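# Architecture at a glance
Read off the chains here:
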Amino acid sequence: MEDHIATRSDLRGDCARCFGLCCVALPFAVSADFASDKAAGTPCPNLQGDHRCGIHAKLRPKGFAGCTVYDCFGAGQQVSQVTFAGQDWRTAPREQARRMFEVFPVVRQLHELLRHLTEALTLPAAGPIHPDLRRALARTEDLTHGTPAELGALDVGAHRQEVDDLLLRASELVRAGVRGKKKERRGADLMGARLKGADLSRANLRGACLIAADLTGADLRGADLIGADLRDADLTDADLTGAFFLTQPQVNAARGSAGARLPESVVRPVHWTAGL
Ligand code: SF4
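Residues numbered from 1 in each chain as written. Predicted model: local features only at pLDDT ≥ 70, side-chain atom pairs only at ≥ 80, totals over all residues. Heavy atoms only, no water.

We now examine the side chain of histidine 271. Tracing the chain through its elements places histidine 271 in helix H9 (residues 270-274). From its side chain, histidine 271 meets the backbone oxygen of asparagine 252 in a polar contact 2.8 Å long. (Helix = DSSP H or I, 4+ residues; strand = E, 2+ residues; numbered from the N terminus. Polar contact = N/O pair within 3.5 Å; in protein donor to acceptor, adjacent residues only side chain to side chain.)

Turning to helix H4 (residues 94-120), a few remarks are in order. With 27 residues, H4 extends 40 Å between its outermost C-alpha atoms, agreeing within 8% with the 39 Å of an ideal straight helix rising 1.5 Å per residue. Helix geometry: H4 is bent most strongly at valine 103, by close to 25°, with proline proline 105 lying one to four residues after it. (Expected span 1.5 Å × (residues − 1). Bend = angle between axes of the 7 residues up to and from the residue.)

On to the nonpolar core. Core analysis: the biggest nonpolar cluster contains 30 residues, and Leu205, Leu210, Leu215, Leu220 and Leu240 have the highest contact counts within it. Here leucine 205 is in contact with Arg185, Leu190, Leu210, Leu220, Ala223, Asp224, Leu225, Ile226 and Ala228, once residues within four sequence places are set aside. Phe19, Ala92, Leu143 and Val156 belong to the second largest nonpolar core, which has 23 residues in total. (Core = buried A, V, L, I, M, F, W, Y, C linked by side-chain atoms within 4.5 Å. Buried < 20%, exposed > 50% of the residue type's maximum accessible area, 1.4 Å probe, protein only. Contact = heavy atoms within 4.5 Å.)

Turning to the site of the ligand, a few remarks are in order. The full set of residues close to the ligand is Cys23, Phe28, Cys44, Asn46, Leu47, Cys53, Ile55, Leu59, Phe64 and Cys67. Within the shell around the ligand, the residues separate by chemical class into nine nonpolar, one polar and no charged. (Near = heavy atom within 4 Å. Nonpolar A, V, L, I, M, F, W, Y, C, P; charged D, E, K, R; others polar.)

It is the contact of H4 with helix H7 (residues 156-174), at a shortest axis distance of 11 Å, that shows an interaxial angle of 15°. Between H4 and H7, the interaxial angle falls into the category roughly parallel. Judged by the sense of rotation from one axis to the other, the crossing of H4 with H7 is left-handed. Contact residues: Val106, Gln109, Leu110, Glu112, Leu113, His116, Leu117 and Ala120 in H4; Val156, His159, Arg160, Val163, Asp164, Leu167 and Ala170 in H7. A breakdown of the residues in the contact of H4 with H7 according to their chemical character gives nine nonpolar, three polar and three charged. (Axes fitted to C-alpha atoms, helices over the stretch in contact; angles between N-to-C directions. Parallel < 35°, antiparallel > 145°, perpendicular 65-115°, else oblique. Left-handed = near helix turned anticlockwise from the far one by under 90°.)

Written out as structure tokens, the structure is:
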């Protein structure tokens, strides 16, 4: 029996076991997503001494919507509790803290790959490559347990490419037999596209730019959405049942409704129904 994304709590951020790494390690710039600039390795002014966000309940009205769509895929607690054995960056020597901030985005990428590999192993049609997927999963798990020096030296891009090739093969097996230009949208520029009610079932939307696209009532059942940019896309009443390689940050970045159907691997964002 393969693990399911929903049961892999280690692949979801657990802020209570992290030292607010995403709020320090990552940079952001003034934009629709962030109300101010912040350099990488600098604590956000809103980060409190207890590693909690001082404006957590008001992130969107305060102009920090970008924080509400972020998920570290469990990299925060892994780096905090395993890689650095519970060492808080606030009390660590400066060089060690720098290492934590350097390693965090590397582990985040590895955890995102773990998430996709775990999901691929639950796709029955990808059965012929399950042994390859299991090997890639084990190798990626091993990498996440590297020392700070090993993780700092890791060519994560090269590993990512290897895993991406495998995930593409899984997708092709799942979507076998799907034909037509309208279903082949890999990397397509669909920014602001009017796709209301469109039939995109089992479509290849890998890496497609769907920023602010109107996908209300669209049929996205069984679509491959890996890396698709869904910021501000309107998924009101869309059907994403069985859509795969769709992550929580992607869904969080979109708009939607109580009527939208989502795959089991993600949860309905609070802001879809709370009017935030
Ligand atoms: S606003 Fe809050 S959640 Fe966003 S980076 Fe700052 S402390 Fe973290």
